[in-house]
Amino acid sequence: MASTTGMRGGGFYDAHSSGQRAAMDEFLTWIVEAVADLPLTTSGSPIALLDLGSSEGANAIHAVGAIIEALRQRTQADIWTFFDDLPTNEFNRLFANLSSDTTGSAHASGIYAAAIGGSLFKRVVPASSLHVATTFNAVGWLSVLPAVRLPRFISPSPPAPRASREGVSVSPEERAPFVLQAREDMVNFYQARAAELRSGGKLLVQVFGRNDQYDTGNGIVDGLSDAMLDMVNAGQVTSDVYEKFVFPVFYRSLEELLPPPGENEASLAFRVDKAEARECRVPFNEEFARTGDSRVWAESFGGFIRAFSEPVVAAGLPNTPDRPQLVEELYRRMVNRFASDPDRYEFHFISLGALLTRM
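An account of the accompanying structure is given in this report. (Residues numbered from 1 in each chain as written. Predicted model: local features only at pLDDT ≥ 70, side-chain atom pairs only at ≥ 80, totals over all residues. Heavy atoms only, no water.)

### A look at the packing of aromatic side chains
Next, step 1: As enumerated under the stated definition, the model contains 23 aromatic pairs in all.
Next, step 2: Centroid distance F301 to F338: 4.6 Å. Interplanar angle 20 degrees. Geometry classified as stacked. One end of the pair, F301, is in helix α11 (residues 294-316); the other, F338, is in helix α12 (residues 323-340), and 37 residues separate them in sequence.
Next, step 3: By relative accessible area, F301 is classed as buried at 0%.
Next, step 4: Through a chain of ring-to-ring contacts, the aromatic side chains of W141, F247, F284, F288, W297, F301, F304, F308, F338, Y345, F347 and F349 assemble into a single cluster.
Next, step 5: The ring of F12 has R8 sitting right over it, with the charged end atom 4.0 Å from the ring centre. (Phe/Tyr/Trp six-rings, centres within 6.5 Å; stacked < 30°, edge-to-face > 60°. Helix = DSSP H or I, 4+ residues; strand = E, 2+ residues; numbered from the N terminus. Buried < 20%, exposed > 50% of the residue type's maximum accessible area, 1.4 Å probe, protein only. Lys NZ or Arg CZ within 6 Å of the ring centre and 35° of its normal.)

Have a look at this one:
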């Protein structure tokens, strides 16, 4: 079973993912520029683009539209645009976004769109069928959770909470199975793309991660952890709920994002053209710096977190008639904590990017 069913639907993710848009834009120009060197056939066969982890589609359509615009400088060949996400994704919203798109991804002559329900850690299209593949803010989700508990914290990554609280910690031994799973996921991801991409094809991988100074998970998992522990202390959920809950995200370093070294298919199939870790702009942080309004910042930060975490959080709470109320209570507590102590939950979005060529 996948570790998540996807993002919160109903347009909520699209409305609260400006941070993700800013992070993907840090590296989108890389793949747009790489199209100039893309080997194109003269047989008239279609060009195929695949975006993995497209969610509700607004950000994915933005990225694909930029790539199509670059391709149209070179060719008028038909273009397939495939949008992939988990089978549990809200694809109706994606199709609605496609139908209303004005960038050329959906309506221009010779552009054909389709959606695919499948894990990005597995093959989703035929062998050697792709010219370009992209993924944004998606490979950080673990494919599955190791069958172990983290009884004193909700996350294996960051390796420890930045916001200290008595009794909250993760040992190296507890973290080890998640490190192995994260590595296996990247091996599987690169092996799948190696099979799907044509020789000379381009792959852009972007995801939230960490650098030597900051971890994107700081603030996010600290806020979720503190809110859940507050509910335990208030008797609203049991301590067993906290001890069983694991947030299934791994915030990698740049080295951990790249194909694992060694004589393996995932490593030998690609040439790494560019790779960087950048701290990207966060719109609600910028607004907070301008106004100093901690309540507005807290609500924006809370909405940003809720957009991608709510399905996982809801699944981790007791399956009782009052579960919707418990979900609301957890996010209410989290936002209130943010507003009362912004320094404790300081947030930095570290965006990792890698541009690779299929050998």
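### Points about the pairing of strand β2 (residues 79-85)
Next, step 1: Among the seven residues in β2, six count as buried, and that is most of the element.
Next, step 2: The pairing of strand β1 (residues 47-52) with β2 spans six bridges and is parallel. Bridge pairing links D51 to F83 in β2.
Next, step 3: In this fold, β1 hands off to helix α3 (residues 58-71), which returns the chain to β2; that crossover is right-handed.
Next, step 4: Bridge analysis of β2 against strand β3 (residues 111-117) gives seven bridges, and the strand direction is parallel. Opposite D85, over in β3, you have G117 as the bridge partner. (Pairing = 2+ DSSP bridges. Right-handed = clockwise from strand over helix to strand, strands pointing away.)

### Considering the pattern of salt bridges
Next, step 1: Enumeration over the complete set of coordinates arrives at 23 salt bridges.
Next, step 2: A salt bridge links D226 to R344; its shortest N-O distance comes to 2.9 Å. Taken together, the residues D226 in helix α6 (residues 220-233) and R344 in the loop between α12 and β7 (349-358) connect sequence positions 118 residues apart.
Next, step 3: Take D226: its relative accessible area is 2%, and that puts it in the buried class.
Next, step 4: Through salt bridges with shared partners, a single ionic network connects R165, D226, D230, R337 and R344. (Salt bridge = Lys/Arg side-chain N within 4 Å of Asp/Glu carboxyl O.)

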